[in-house]
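Descriptive structure summary
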Amino acid sequence: MKPVERSWRVLEALEGHLSDGRRLSDIATAVQAIPSTALRDLQELERIGLVQRVPGRDDAWRLAPRIVRFAVAAQHEMARVRQRLDDIERNYLAGSAGRMN
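Every value quoted in this text rests on a predicted model; they were computed, and no experiment measured them.

Digging into the nonpolar core
Ranked by internal contacts, the top residues of the largest apolar core, which has 14 residues, are Val10, Leu11, Leu14, Leu42 and Val51. Among the secondary structure elements, those contributing two or more residues to this core are helix 1 (3-14), helix 2 (24-31), helix 3 (35-47) and strand 3 (57-63). When residues in this core are grouped by element, the largest group, four residues, is from helix 1. Those residues in contact with Leu42 that sit more than four places away from it in its chain are Val10, Leu14, Leu24, Ile27, Val51 and Trp61.

This is the structure:
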């Protein structure tokens, strides 16, 4: 497996573990890598601000706020798009209702 693919799998392994994080051994198992390889991946992802150690638990890792902001921004964009589509639909339905009578 290429390093970038393994790094992506590490990020996926951390999904849903924002508060308590996940232990290195669990992450390594999830990505089918030896712990030393998973640790190197985590350290590189930490260096670029995508993961962080859970404060007070050196053996636990979680997604960093930087990457979570991407997800939040995507969610907000989807809400804006949904609102625009709802506005368009209301406009067309209101216009067609007036002509049907």
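Brief notes about the environment of Leu45
Structurally, the position occupied by Leu45 is in helix 3. Look at Leu45 and you get buried, because its relative accessible area is 5%. Remark: the alpha-carbon pair of Leu45 and Ala94, spanning 49 residues in sequence, is separated by 51 Å. What Leu45 contacts, discounting residues up to four positions off in sequence, is Ser7, Val10, Leu11, Leu50 and Val51.

Quick notes on the pairing of strand 3
Sheet analysis places strand 1 (residues 22-23) next to strand 3, joined by two bridges and oriented antiparallel. Its bridge partner lying in strand 3, Arg23 is registered against Ala60. Of the strand pairs in this sheet, strand 2 (residues 51-54) and strand 3 are connected by four bridges, and their pairing is antiparallel. If you follow Arg53 over to strand 3, its bridge partner there is Trp61.

Quick notes on the rules
Residues numbered from 1 in each chain as written. Predicted model: local features only at pLDDT ≥ 70, side-chain atom pairs only at ≥ 80, totals over all residues. Heavy atoms only, no water. Core = buried A, V, L, I, M, F, W, Y, C linked by side-chain atoms within 4.5 Å. Buried < 20%, exposed > 50% of the residue type's maximum accessible area, 1.4 Å probe, protein only. Helix = DSSP H or I, 4+ residues; strand = E, 2+ residues; numbered from the N terminus. Contact = heavy atoms within 4.5 Å. Pairing = 2+ DSSP bridges.

None of the figures reported here should be taken as evidence of function without further support.
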